[in-house]
Amino acid sequence: MSQPNVDRIAETLGWMGRTARNLPPAWDGAKIAHMAGAPGAVFGRMLPGRGLYLARDLKTLGITKPIPHVYERSLLARAVEGFDHYGQLRGHIFDAERAGVQFLDTLRVMSGALVPACAITSYNGIVNARANGKGDDNAIAKASFTSVAVAWHTLYRAGGLPVAGTYTNIPTGATLNRTAVGAWTLGSPSPTGGDKKYLLTLGLGSNQVINMWCIVDLLVGCGNILLTTASAQTVTSAALTRYTTGAGVLAIFEVTTLSSATAWSPRRWPA
């Protein structure tokens, strides 16, 4: 029986902790948490704006060092118990769980193990904005699409609500934004007067066997790149309208038309 890769487990937990930490602080504001794991195999909760609560201790996984933005079960339980007892002694009612998480963060900051970093410093602005009618709640429903195991697929060109999106042909393609046909945010107003817009929560469900989702910001779509020709095809791409430096931007290929079943071999081009 193969042994678990402890380094890979720690790397994954650290990534989940950082991801949760950089989300809007919905846990501090409304105590919103998201399940970490899968039905029947839940191992913790994502606390937006704080980190990952792990429903076990790191040492049970063979990890001997603390991981930033990951809260171990025993440490948090002891902190919560202490603050709950303190509240009873003082005769005050307050949220001991929030206090426990904040206390652990304070210890990490004082020890230099954690530097707080979040795009939003207070959830109050978001609460007030929603109360003033500035929140958008969208429902997305896409039709079934044909998938292949161990391969990424996109819902952008699948029918449903919103309708299927389209790509503009090469060489330049076209930039895409919230007003593009097929955009999830079609119809949502742009923020004005110095406001900013954030994705707070997202619920996903599927009646197909899909074990991973990835939300992407589609910047440019270049269509009609042919697999049936050996001739050169020019793809210049339209200029980016956001993330204009190109930092963090990736290029992907999406197969939109079934190719021939005839076997083919890659060519070796001269240097």
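Keep in mind the model is a prediction, meaning the values are calculated, not measured. Residue numbers restart at each chain and count upward from 1, following the sequence in its written direction. Only residues with pLDDT of at least 70 are given local features in this predicted model, and only at 80 or more are side-chain atom pairs given and counted; all residues enter the totals for whole chains, interfaces and linings. Each side-chain value is derived from all of the structure's non-hydrogen atoms; neither hydrogens nor water enter the calculation.

**Observations concerning the sheet that holds strand β4 (residues 70-71)**
The condition is simple: For two strands to pair, DSSP has to find at least two bridges joining them. Secondary structure counts use DSSP, requiring at least four H or I residues in a row for a helix and at least two E residues in a row for a strand, with both numbered from the N terminus. The contact criterion used is simple: two residues touch if any of their non-hydrogen atoms lie within 4.5 Å. Every axis in this analysis is a line fitted to C-alpha atoms, fitted for helices over the stretch in contact. Angles between the N-to-C directions lie between 0 and 180 degrees.
Strand order in the open sheet formed by four strands is β1-β2-β3-β4, and the pairing between neighbours is mixed. Where the open sheet ends on each side, the last strands, each with one partner, are β1 (34-38) and β4. Strand contacts of helix α1 (residues 6-21): β1, β2 (41-47), β3 (51-54) and β4, with the helix running at about 130° to β3, the strand carrying the most contacts.

**Focus: unusual backbone geometry**
With an omega dihedral of 0°, the bond running from L161 to P162 counts as a cis peptide bond. Following the sequence through the fold, P162 ends up in the loop between β6 (160-161) and β7 (168-169). Residue P171 is bonded to the preceding I170 through a cis peptide linkage, with omega at 15°. If you trace the backbone, P171 turns up in the loop between β7 and β8 (174-175). Positive phi outside glycine occurs at H69, with the angle close to 70°. With respect to the helices and strands, H69 occurs in the loop between β3 and β4. Positive phi is not limited to glycine here, since N224 has a value of about 70°.

**Overview of the sheet that holds β7**
Pairing within the open sheet is mixed, and its three strands lie in the order β7-β9-β8. A single partner strand is all that each edge strand has here, and the edge strands are β7 and β8. With two bridges connecting them, β7 and strand β9 (residues 220-223) associate as parallel partners. In the sheet register, T168 faces β9, and the bridge partner there is C222.

Treat this as a map of the structure, not an account of what it does.
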